[in-house]
Amino acid sequence: MLKLSAKAQAILGLITNTVILALVAFLFKLSLEAVVKPSVVGQFSAALGFSMFWPYVSIPIGLGVMILFIIEHYGALVKNCKTAFGSAPASLEEKGGAV
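Notes on the structure in this doc start here. None of these values were measured; they are calculated from a predicted model.

Take the overall build of the chain next. Across its full length, the chain carries 5 helices and 0 strands. Taken from N to C terminus, the helices and strands of the chain fall in the order α-α-α-α-α. The proportion of buried residues among the 99 residues of the chain is 20%. Nonlocal contacts in the chain, meaning residues at least 24 apart in sequence, comprise 62% of its contacts between residues at least 6 apart. Summing over all exposed atoms, the chain offers an accessible surface of approximately 7500 Å²; the carbon and sulfur share of this is 73%.

This is the structure in structure tokens:
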């Protein structure tokens, strides 16, 4: 079984998260365009009598929540990158050197 190094896992995690964010954002845009079409807004449920806009609007809402989760996940990915690559070099002040 092939196991990637910590640096490769960190980079791959960031790339994967970015690709997923782009895909979900694209689907979010398409779903918003589909929900506001007159064919959806003007369609009514035969049994319940309400606009089909309300069941269809759950798709953009769910995708919006996914976008928020993906953005939040970047925090863990950045932390993983910092540990994989080591922390940034300390400034001269932190090392006790002259400025």
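Moving on: the packing of aromatic side chains. Throughout the structure, instances matching the rule amount to 1 aromatic pair. Where F53 meets W54, the ring centres are 4.9 Å apart and the plane angle is 80°; that geometry is what we call edge-to-face. Using a relative accessible area of 21% as the deciding quantity, one classes F53 as partly exposed.

Another point: helix α1 (residues 6–35). A rise of 1.5 Å per residue sets the reference length of α1, with its 30 residues, at 44 Å; its end C-alpha atoms lie 43 Å apart and thus fit the reference within 8%. Buried within α1 we find A10, G13, N17, L21, V24, S31 and V35. In the core, the buried residues of α1 are packed alongside α2 (38–41), α3 (53–56) and α4 (58–85).

A contiguous nonpolar patch, built from I11, I15, V19 and F85 and spanning about 380 Å² of accessible area, is present on the exposed surface. Among the elements that take part in the nonpolar patch, α1 stands out by supplying 3 residues, more than any other. With respect to the helices and strands, I11 occurs in helix α1.

So, about the pattern of salt bridges. In a structure, side chains of opposite charge can pair up when their charged atoms sit close to one another. All chains considered together, the criterion is met by 1 salt bridge. Residues K29 and E33 are paired through a salt bridge, measuring 2.7 Å at the closest nitrogen-oxygen approach. With K29 and E33 both in helix α1 and 4 residues apart, the pair spans about one turn of that helix. By relative accessible area, which is 47% here, K29 ends up partly exposed. On the accessibility criterion, E33 (39% relative accessible area) is partly exposed.

Conventions adopted
The numbers attached to residues start from 1 for each chain and follow its sequence in the written order. In view of the model being predicted, local features appear only for residues whose pLDDT reaches at least 70, and side-chain atom pairs are presented and counted only at 80 or more, with totals across whole chains, interfaces and linings using the full set of residues. Only hydrogens and water are removed before side-chain values are computed, so all heavy atoms of the structure are retained for them. Only runs of H or I of at least four residues qualify as helices and only runs of E of at least two qualify as strands under DSSP, and these elements are numbered from the N terminus. Categorising residues by exposure relies on relative accessible area from a 1.4 Å probe, with only protein chains included: less than 20% of the type maximum marks a residue as buried, more than 50% marks it as exposed, and the intermediate range marks it as partly exposed. Any two residues whose heavy atoms approach within 4.5 Å are treated as being in contact. Only the protein chains shown count as cover for residues, and all accessible areas are computed by the Shrake-Rupley method using a 1.4 Å probe. Pairing of aromatic rings covers Phe, Tyr and Trp, the last through its six-membered ring, and needs centres within 6.5 Å; plane angles under 30 degrees mean stacked, over 60 mean edge-to-face, and all others mean tilted. By definition here, a helix of n residues has an expected span of 1.5 Å times n minus one. Residues with no salt bridge and a relative accessible area higher than 30% make up the patches, which join like charges within 9 Å and nonpolar side chains (Val, Leu, Ile, Met, Phe, Trp, Tyr) within 5 Å. Salt-bridge detection follows one rule: a side-chain nitrogen of Lys or Arg within 4 Å of a carboxyl oxygen of Asp or Glu.

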